Amino acid sequence: MFKAIRRLWGSSGKFRTGISIVGVLIVLAILHPLFSWIIGGTQDPLAIGGYDPWEVPNVDHWLGTDRYGRDLMAMTLDGLAISLEVAAIAGILSTVIGVVVAFVAGYKGGKLDSVLNTTTDMFLVVPSFPLLLTLSAYLKHVSLLTVALMLTIFSWPFAARTIRSYVLSLRSRPYVELARVTNLNDFQIIFQELVPNMLPYIGVGFANAALGAIFALVGLEVIGLGPSNIIDLGLMINWAISWGAMSLGAWPIFVAPVVFLSLLFIGVNLVNVGLEEMYNPRLRGTAGA
Amino acid sequence: MIDHSRVAVAPRSTGDLVEIVDLGVYYNTVGGVSKAVDGISLEIGHGEILGIAGESGSGKSTVANAMLRLVRPPGFIASGSIRFRPGNGKPVDLLQVDEATLRDIRWRNLAYIPQGSMNSLNPVMRIVDQFVDVMQEHGTSSAHEARQKVPDLLGQVSLAPHVARMYPHELSGGMKQRVIIAMAIALQPDLVIADEPTTALDVNVQRMIIQTLGDLRDRFGMSLIIVSHDMAVHAELVDRVAIIYAGEVVEVGDVHQIFKRPLHPYTQGLIQAIPHVGGARRRLEGISGNAPNPSDWPSGCRFHARCPYATEYCRANHPELLPFAEAKSGNTGTTPRVACHLYHHPKEMGVRGDQ
Amino acid sequence: MTSSSKQIELNEVTQVFRGAAFRQIGGELTAVDHASFTLTADPPQIVSLVGESGSGKSTIARIILGLQRPSSGQVTYYGKDIYSLAGDEFNRYRKDVQAVFQDPYGIFNPFYRVDRVFWTAIKQFKLAKSRGQGQTLIDESLLAVGLRPADVLGRYPHQISGGQRQRIMLARVSMLRPAFIIADEPVSMLDAAVRVLFLNILLDFKQKYGMTTLFITHDLSTAYYLGGDVMVISKGKILERGAVDDVLVHPRHPYTQMLLSSLPTPDPDARWQDRLQVSAVSDATVVPG
């Protein structure tokens, strides 16, 4: 499998670029406590009233400060970390649920498949965003985990759908029949034969679920209905709007989160496209190997 | 309704219809340059059926692709020319003409039936509309005129006129293949190239298709190139056979000579690997070894590693495709050409006289 | 012979497929229609099942291999219905009856090296006590089919040819020493020269290891070459059966006669003299005489 990743790196410029962007963002997010410490020194750069409010970007505060005197660089990195955390949790959870449901339904078939399919469809049909709005109106002060769980409920069906159709196509492959004739049980067949061939699709499914979660959360917060006790990129945008930051000339509080979100979006999509080109030969402009 | 008479039609003109000279088609791959077709020269006369035989990976389908300039990157035409002299047009080099002229030639003078094309009929269009599509694209008739011709074309492949109103999924495999053939001859081309036209068809349908293809020459005077790995198809249908191995022609000759007195050891291996129902019960031998890698053709004669007669001379020297007059076939007077040191350098091989 | 001997018996096996896909033909398709025959291991035999595509021959293979439960009728081994076997008896059936499939490309899971098909079989059927013993077993079986271990072991499926892949499948079978081999069109996708090598190995297996092969094909000439017995099947019904030298040289059933006359002969001096009358609305043909 690592050979496949190395091959992807080598042959696809899009994959390289995408992974690099995402990689840098992840590193920044992981290291955000370090950056906070560098920026703040002894004090907490995000404490209210820590610095003078509305400072223009300068040597001490690369992105300036906000209305309450909080350093914006630290806030942005912090927010990035939180957005990625939510994405990771919601992404992993919904992928795991989606994969389990998809494999059981796709491989076993029959009545179990029908039941699971209908369940998936029910979740898909329900309009997720209005429901999220309603939920968040009741849950103003929630933890990160709760938010992630809420988002998971609405993103797992997408993963399940895509993966189930791949399972269906793989299920009747000759090597699966060979495995059955070699007396492997269903469990062994799913994990040893099918899952390894689906890793790129599961990866794409995860990336999409994660992105979906980030932007669902951003959407909620920009409207002002997200949980307000966690500062993340979406909330920053909301504050930028409600404080009229642009008209005050305080552009960093708006621009920084937008730039990072855009980079994340572009990065993940480049990875997706790179993966798709690798695994769907018809999309390739020129054949690699 | 169906004309069963086998009227031999005189060829449309004399001289060669197509002359392929030193064709080379290479592919740029991660592992280097793959020389799928490496210096192939062949000619096809008017009203002649030429078979191109060889195993998978030998390059035979690539030759067919190249004739219509259908080679896509990472493949490219590395060398050679393909001179085409249609009955009613000027001689051209198919590899050099501009796109507009090529589009004119395609379908009107030169038709191509790719492998598995019966499965690429448009599933949402009726048969008649697909004909009209093709004829309008490449011919000068209006939609109305094209529509008039369809029942006739279907009749030429023994299909009923009402098939025109049907959709592809309503047709059986053999019927679809016949539709494809009818579409290919819609504009009365001089040459039809068919790539594996009988593969994946049931055996009685195969016979029907072979008969239909034979009719194209017998009744309409068209030349045919049949690319197939199945030697029995060549035995039933073609006039001459060219054997392709490792991107080269290793033997070309009259079909009777190829089957009765194959010259090249590879041809001999191919011919004797065919089981014959009702024949004597004996053990057949395959050809030992594996097909070589197009990115790394063996030195000297490309068949030397698998040849029962190979010597050191074969490993060092690449044989030329040259005529061998001693095996001239009585029927048509065609002199076979073979690329093997046994025939052209017998002394170096330690061979005396006839084999 | 009592029913407790080593034979696979098919008794009025019928397989009917129902579903929306068959709406045009009345809602159901009878793929196998009351098929009955017996395969014995003692003495070993080669039986060819010849039919065109859609004749039901592959469905019969899957039924015998335990992959498809028939709608009615029984397949018995040592007198017991194979679909009611459990535990050790089922494991024994799996070991005694092995398969070779048609598609040399699909038969290997592209994620793993080709060695894995051997090791999986060794593990499942406990063929070796140590790694060294297993490796020896693998090397021997490869040599038995004319392959050099160094040429194929350690490689991925796409790195070796179709002929080598099918021979690896035979090597795997020889390692398991089953009593029965069910071969479903194993040479259709191979070139002529490699085909002969494969068929010779099947003949050797009968000679050396006493294995009985059910050889499923649409190609009468390969059935003839293998010798032994032949059954001709069309539209799910077995129409004619007997020794190859009898049925294929003096066919009695008109369908067999039609198949034989349609076979292209590899002799340019013996071309078809008569003209086929083809139907204008189907693939049906009438051969004069």
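Residues numbered from 1 in each chain as written. Chains lettered and ligands numbered in written order. Predicted model: local features only at pLDDT ≥ 70, side-chain atom pairs only at ≥ 80, totals over all residues.

1. Observations concerning the overall build of chain C
Link 1 in the chain: Counting secondary structure elements, chain C contains 10 helices and 12 strands.
Link 2 in the chain: For 289 residues, the compact-globule estimate of 2.2 N^0.38 gives 19 Å, and chain C sits close to it at 20 Å.
Link 3 in the chain: Reported as C-alpha extents along the three principal axes, the dimensions of chain C are approximately 65 × 45 × 40 Å.
Link 4 in the chain: Each of the 289 residues in chain C was classed as buried or not, and the buried ones make up 44%.
Link 5 in the chain: Restricting to contacts in chain C with at least 6 residues of sequence separation, those with at least 24 account for 66%. (Helix = DSSP H or I, 4+ residues; strand = E, 2+ residues; numbered from the N terminus. Rg over C-alpha atoms; globule rule 2.2 N^0.38 Å. Buried ≥ 20, exposed ≤ 12 C-beta atoms within 10 Å, placed from the backbone. Contact = placed C-beta atoms within 7 Å.)

2. Overview of the overall build of chain B
Link 1 in the chain: When helices and strands are tallied, chain B shows 12 helices and 12 strands.
Link 2 in the chain: Judged by the C-alpha coordinates and their principal axes, chain B covers about 70 × 50 × 40 Å.
Link 3 in the chain: For chain B, the proportion of contacts with a sequence separation of at least 24, taken over those separated by at least 6, is 66%.

3. Things to note about the interface of chain B and chain C
A common way to express how large an interface is: the accessible area buried when the components associate.
Link 1 in the chain: Each side of the interface is counted separately: chain B has 44 residues, and chain C has 40 residues.
Link 2 in the chain: Contributing elements (two or more residues each) for the side of chain B that touches chain C: helix H5 (173-184), helix H6 (203-220), helix H7 (231-237), helix H8 (255-260) and helix H9 (265-272) of chain B.
Link 3 in the chain: Taken together, the residues that form the side of chain B that touches chain C break down as 22 nonpolar, 16 polar and six charged. (Nonpolar A, V, L, I, M, F, W, Y, C, P; charged D, E, K, R; others polar.)

4. Let's talk about the interface of chain A and chain C
Link 1 in the chain: Residue-level contacts link 13 residues of chain A with 17 residues of chain C.
Link 2 in the chain: Counting only elements with at least two residues in the side of chain A that touches chain C, the list comes to helix H8 (174-181) and helix H9 (186-223) of chain A.
Link 3 in the chain: A per-element tally of the side of chain A that touches chain C places H8(A) first, with six residues.
Link 4 in the chain: Broken down by class, the residue content of the side of chain A that touches chain C amounts to six nonpolar, three polar and four charged.

5. Overview of the sheet that holds strand E6 (residues 97-100) of chain C
All names here are of chain C.
Link 1 in the chain: Pairing in this open sheet of six strands is mixed, and the strands run E6-E7-E8-E3-E9-E10 from one edge to the other. Unpaired on one side and paired on the other, E6 and strand E10 (237-243) mark the two borders of the sheet. Neighbour to neighbour, the strand axes of the sheet diverge by 15° on average, direction disregarded.
Link 2 in the chain: The sheet contact formed by strand E3 (residues 46-50) and strand E9 (residues 229-234) spans four bridges and is parallel. The residue bridging Leu49 from the neighbouring strand is Met231, located in E9. (Pairing = 2+ DSSP bridges. Axes fitted to C-alpha atoms, helices over the stretch in contact; angles between N-to-C directions.)

6. A short note on the pairing of E6(C)
Residue and element names in this part refer to chain C.
Link 1 in the chain: Neither face of E6 is open: one carries Val97 and Ala99, the other Gln98 and Val100, and all of them are buried.
Link 2 in the chain: Judged from the four bridges that link them, E6 and strand E7 (residues 180-184) form a sheet pairing that is parallel. Residue Val97 lies in a different strand from E7, and its bridge partner there is Phe180.

7. With respect to the nonpolar core
Link 1 in the chain: Judged by nonpolar contacts, the single largest core of 190 residues is most densely connected at Val192(B), Ile225(B), Ile226(B), Ile243(B) and Ile182(C).
Link 2 in the chain: Top element by residues in this core is helix H7 (residues 192-209) of chain C. It accounts for nine residues.
Link 3 in the chain: Taken domain by domain, the makeup of this core includes at least three residues from each of domain 1 (16-238) and domain 2 (255-276 + 288-349) of chain B.
Link 4 in the chain: With sequence-adjacent residues up to four places away left out, Ile243(B) is seen in contact with Ala53(B), Gly54(B), Val249(B), Val250(B), Glu251(B), Val252(B), His264(B), Tyr266(B) and Thr267(B). (Core = buried A, V, L, I, M, F, W, Y, C linked by C-beta atoms within 7 Å. Domains from an automatic or database assignment.)

8. Points about the packing of helix H4 (residues 72-108) of chain A against H9(A)
Residues and elements named next belong to chain A.
Link 1 in the chain: Running from amino to carboxyl end, H4 crosses H9 at an angle of 140°, the nearest separation of the two axes being 7 Å. If you check the angle between H4 and H9, you find them oblique. For the pair H4 and H9, the sense of crossing is right-handed. Of the residues in H9, those touching H4 at Ser83, Val86, Ala87, Ala88, Ala90, Gly91, Ser94, Thr95, Gly98, Val99, Phe103 and Tyr107 are Asp186, Ile190, Ile202, Gly205, Phe206, Ala209, Ala210, Ala213, Ile214 and Leu217. (Parallel < 35°, antiparallel > 145°, perpendicular 65-115°, else oblique. Left-handed = near helix turned anticlockwise from the far one by under 90°.)

9. Some details on the domain arrangement of chain B
Residues and elements named next belong to chain B.
Link 1 in the chain: In terms of domain boundaries, chain B breaks down into domain 1 (16-238) and domain 2 (255-276 + 288-349).
Link 2 in the chain: On a C-alpha basis, the centres of domain 1 and domain 2 stand 28 Å from each other.
Link 3 in the chain: Taken together, the contact pairs 14 residues of domain 1 with nine residues of domain 2.
Link 4 in the chain: Listed by contribution, the elements that provide at least two residues to the side of domain 1 that touches domain 2 are strand E2 (32-45) and H7.

10. Digging into the packing of helix H2 (residues 13-30) of chain A against H4(A)
All names here are of chain A.
Link 1 in the chain: Contact geometry of H2 with H4 gives a least axis separation of 8 Å together with a crossing angle of 110°. Comparing the axis directions of H2 and H4 gives the class roughly perpendicular. Here H2 runs over H4; the crossing is left-handed. For the pair formed by H2 and H4, the contact residues are Leu25, Ile26, Leu28 and Ala29 on the first element and Leu77, Leu80, Ala81 and Leu84 on the second.
Link 2 in the chain: Class assignment of the residues belonging to the contact of H2 with H4 gives a composition of eight nonpolar, no polar and no charged.

11. What about the sheet that holds strand E1 (residues 16-29) of chain B?
Residues and elements named next belong to chain B.
Link 1 in the chain: A sheet is described by the order of its strands in space; here four strands give the open sequence E2-E1-E4-E5, paired in antiparallel fashion. The open sheet is flanked by E2 and strand E5 (92-93), the only strands paired with a single partner.
Link 2 in the chain: Across the sheet, helix H1 (residues 60-67) touches E1, E2 and strand E4 (75-84), and the angle it forms with E2 is around 70°.

12. Describing the environment of Asp133(B)
Link 1 in the chain: Tracing the backbone through its elements, the reader meets Asp133(B) in helix H3 (residues 127-138).
Link 2 in the chain: Put simply, Asp133(B) and Ala111(B) are 22 residues apart on the chain and 15 Å apart in space, counted from C-alpha to C-alpha.

13. Some remarks on the confidence of the model for chain C
Link 1 in the chain: The pLDDT averaged across chain C works out to 88; a share of 97% of its residues lies at or above 70.
Link 2 in the chain: Predicted complex metrics record ipTM = 0.86 and pTM = 0.80. (pLDDT = per-residue confidence, 0-100.)

14. Describing helix H3 (residues 115-125) of chain C
Residues and elements named next belong to chain C.
Link 1 in the chain: Within H3, burial applies to Val117, Phe118, Thr120, Ala121 and Ile122.
Link 2 in the chain: Those residues of H3 that are buried are in contact with helix H4 (131-144) and helix H6 (162-176).
Link 3 in the chain: Directly beyond the C-terminal end of H3, a positive phi value near 50° is found at Lys126.

15. Concerning the environment of Pro45(A)
All names here are of chain A.
Link 1 in the chain: Mapped onto the secondary structure, Pro45 falls in the loop between helix H3 (32-40) and H4.
Link 2 in the chain: Classification of Pro45 as buried rests on a count of 24 C-beta atoms within 10 Å.
Link 3 in the chain: Counting along the chain gives 136 residues from Pro45 to Val181, while the straight-line C-alpha distance between them is 64 Å.
Link 4 in the chain: Apart from the residues lying within four places of it in its own chain, the contact partners of Pro45 are Ser36, Ile39, Gly40, Gly50, Arg70, Asp71 and Ala74.

16. Describing the pairing of strand E7 (residues 191-195) of chain B
Residue and element names in this part refer to chain B.
Link 1 in the chain: Of all five residues making up E7, five are buried, and the element is well covered by its neighbours.
Link 2 in the chain: Side-chain alternation along E7 places Leu191, Ile193 and Asp195 on one buried face and Val192 and Ala194 on a second face that is also buried.
Link 3 in the chain: Across four bridges, the pairing between strand E6 (residues 110-113) and E7 is parallel. Its bridge partner being in E7, Ala111 is matched across the sheet by Val192.
Link 4 in the chain: Pairing between E7 and strand E8 (residues 223-228): five bridges, direction parallel. When the bridges of E8 are listed, Leu191 appears paired with Ser223.

17. Points about the confidence of the model for chain B
Link 1 in the chain: Averaged over every residue, the pLDDT of chain B is 85; residues scoring 70 or more account for 92%.
Link 2 in the chain: Between residues 1-12 of chain B, whose pLDDT stays under 50, and residues either more than four places distant or in other chains, the model counts 19 contacts.

18. Thoughts on the environment of Gly173(B)
Link 1 in the chain: With respect to the helices and strands, Gly173(B) occurs in helix H5.
Link 2 in the chain: Taking the C-alpha atoms as reference points, Gly173(B) and Asn290(B), 117 residues apart in sequence, are found 33 Å from one another.
Link 3 in the chain: Setting aside anything within four residues of it in sequence, one finds Gly173(B) in contact with Met118(B), Leu201(B), Val205(B) and Asp283(C).

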